[in-house]
Amino acid sequence: MPDDLKRTLWATADKLRANMDAAEYKHLVLGLIFLKYISDTFQARRTELTARFADPADEYHLDGATPADIAAELEDRDYYREANVFWVPEAARWEAIRSAAKQPDIGKRIDDALSLIEAENPKLKGILDKRFARAQLPDGKLGELVDLVSTIGFGESAATARDVLGQVYEYFLGMFASAEGKRGGQFYTPRSIVKTLVAVLAPHHGKVYDPCCGSGGMFVQSEEFILSHGGKLGDVAIFGQEANPTTWRLAAMNLAIRGIDFNLGREPADTFTKNQFPDLRADFILANPPFNISDWWHASLTGDARWHYGDPPQGNANYAWLQHMLHHLKPGGRAGIVLANGSMSSSQNNEGQIRAATVEADVVEVMIALPGQLFFNTQIPACLWFLVKDKRQRRGEVLFIDARKLATMISRVQCELKDEVIERIAGTVAAWRASPPLPLAGGGRGEGASSYADIPGYCRSVKLAEIAEHGHVLTPGRYVGAEAVDDDGESFEAKMQALTEKLGEQMAKGAELDAVIRQKLGGLGYEF
């Protein structure tokens, strides 16, 4: 779907929001998109079955069947379950909703439709948010929103329409996160960060886990990675946990709308005190936990088996998240985690000792410093930790990448990593893992090459002994050094002379402007 059409849809939907808070409004919009998705999917399966029943060459052919026989056969739920399609009762189908869009009780009708769908599909029980009847929208706005969602995917094949609905759902998630500002970051990680984690980890098989999964963006991106590399949906098993009930529902809908099977635990729950997957050992873990949360501790966590490298401080959960994820990795498994920059150097309350223990245990594989302004909700500089259990390549080394200068501004307050930058980072890590260690740091290209080499100012492979000399601080800028500058042939003295002359000219001009301002203000009676 073209981006300009998505923007038009968003602008229209946002206009209908009137005075409603974006945090509340998103549940209405995303809920309607989900309802249309499962209804369209159901209708597409029904149309396919009708055609197959009539086709003598198809294994589903019903020889001599009357229209009544076919209608009865279409009511068999097994045909839909085998294709991973939700059963949608007639009163809950989108056409029924759309035809009643102008009725004053449309909110209640939508809630009733969602209840009917939940009753027919145990996997959706407790997931669908029934808040339409009490929505505080002006009269008629909800009906207009139904009409708008009806246009998504209209005029295309059913399969394409479903794909478009998935794209719109994700686009709207990002736009709502932006509209909500600080609160938006609680359920949505910017796409370029997720893509970087996925590109470096390459989760193509096994179990994928996110212990603070938000709206499920890590899983969606993982599946897209698999599809783009020749795999298929279902090549990985999805496990996620989320404490916020409304965000937990968003994640379930986000995954269902993509046709992704998932296990988000029995209920929304705190990862530390109500771990939903205590026995899980994952092949890949991707996570963007909340930064520096201070109210996470509970007395029941004392002596927990997850604190293998030391008790995390009770006033900051960063090192609890890191150890939780290491605990849930299988041997050879890898994790990619977004954390605040402070986690790389903090020595407060046992954090320095835990970091030293993880470095010496050789479970830290790659550290990446990110540019500022990547997030909706915070300007705190962030970094990516990549951990591995039972390191099989580059033992005794850590790769440091400084990506702070590689972002592109996409608005006045936010930037992103473009795809070519993400490919460069992933290529650098892949080359580093595949290449034998080099005896000395040097120039040359590290990314996309058959062998890795350090690049001053960008990447460097560092032995654990050197990291220990730096107090086990893991800030990439400390190790990669300064970027090499091309020699233009001009001497240092000549450059300084030219720069000081230019500075003198600018200071003189500044003094002239100060005098003019003083004169003008004096003319207005404001002498100083």
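All values reported here derive from a predicted model rather than from experimental measurement.

Undergrad: Looking at this structure, how should I read empty space enclosed by the protein?
TA: Over the atoms a probe the size of a water molecule is rolled, and this reveals where empty space is left. Throughout the structure, instances matching the rule amount to 2 cavities of 30 Å³ or more. Of the pockets and cavities examined, the second largest cavity occupies roughly 40 Å³. As for the second largest cavity, its lining consists of His27, Gly31, Phe34, Leu114, Leu128, Asp129 and Met253. By residue number, the principal contributor to the lining of the second largest cavity is helix α2 (residues 22-54), which donates 3 residues. Looking at the lining of the second largest cavity residue by residue, the classes come out as 4 nonpolar, 2 polar and 1 charged.

Undergrad: Looking at this model, I keep getting lost on the domain arrangement of the protein. Mind explaining?
TA: Looking at the protein, the domain boundaries give domain 1 (3-180), domain 2 (191-478) and domain 3 (491-527). Look at where the C-alpha atoms of domain 1 and domain 2 centre, and you get two points 35 Å apart. Both sides together, the interface formed by domain 1 and domain 2 hides about 1,800 Å², and carbon and sulfur atoms give 64% of it. The three residues of domain 1 that bury the most area against domain 2 are Ile127, Tyr169 and Glu170, which together make up 31% of that side's buried surface. Where domain 1 packs against domain 2, one counts 1 salt bridge. Between Asp261 and Lys123 there is a salt bridge, and its shortest N-O distance comes to 3.3 Å. Where domain 1 touches domain 2, the interface holds 5 residue pairs in polar contact (both at pLDDT 80 or more). Elements supplying a minimum of two residues to the side of domain 1 that touches domain 2: α2 and α8 (158-180).

Undergrad: So what exactly am I meant to see when it comes to the sheet that holds strand β3 (residues 282-287) here?
TA: Taken in spatial order, the 8 strands make up an open sheet running β2-β1-β3-β4-β6-β5-β7-β10, and their pairing is mixed. Strands with a single pairing partner mark the edges of an open sheet, and in this sheet they are β2 (236-240) and β10 (459-463). Shown here is a sheet whose adjacent strand axes are inclined to one another by a mean of 15°, direction ignored. Judged from the 5 bridges that link them, strand β7 (residues 397-402) and β10 form a sheet pairing that is antiparallel. Residue pairing in the sheet places Phe400 in a bridge with Arg460 of β10.

Undergrad: What's the story with the pattern of salt bridges in this structure? I'm lost.
TA: Pairing is possible between side chains that carry opposite charge, provided their charged atoms lie close to one another. Evaluated as defined, the whole model comprises 31 salt bridges. Measuring nitrogen to oxygen at the nearest pair gives 2.9 Å for the salt bridge that ties Arg109 to Asp105. If you follow the salt bridges from partner to partner, you end up with Arg45, Glu48, Arg52, Asp58, Glu59 and Glu82 in one network.

Calculation criteria
Residues numbered from 1 in each chain as written. Predicted model: local features only at pLDDT ≥ 70, side-chain atom pairs only at ≥ 80, totals over all residues. Heavy atoms only, no water. 1 Å grid on protein atoms, 1.4 Å probe; cavity = no way out; pocket = protein on both sides within 12 Å on 5 of 7 lines; lining within 4 Å. Points joined across faces, edges and corners; volume = space filled by probe spheres on them. Helix = DSSP H or I, 4+ residues; strand = E, 2+ residues; numbered from the N terminus. Nonpolar A, V, L, I, M, F, W, Y, C, P; charged D, E, K, R; others polar. Domains from an automatic or database assignment. Buried area = accessible area lost by both parts, 1.4 Å probe. Salt bridge = Lys/Arg side-chain N within 4 Å of Asp/Glu carboxyl O. Polar contact = N/O pair within 3.5 Å; in protein donor to acceptor, adjacent residues only side chain to side chain. Pairing = 2+ DSSP bridges. Axes fitted to C-alpha atoms, helices over the stretch in contact; angles between N-to-C directions.

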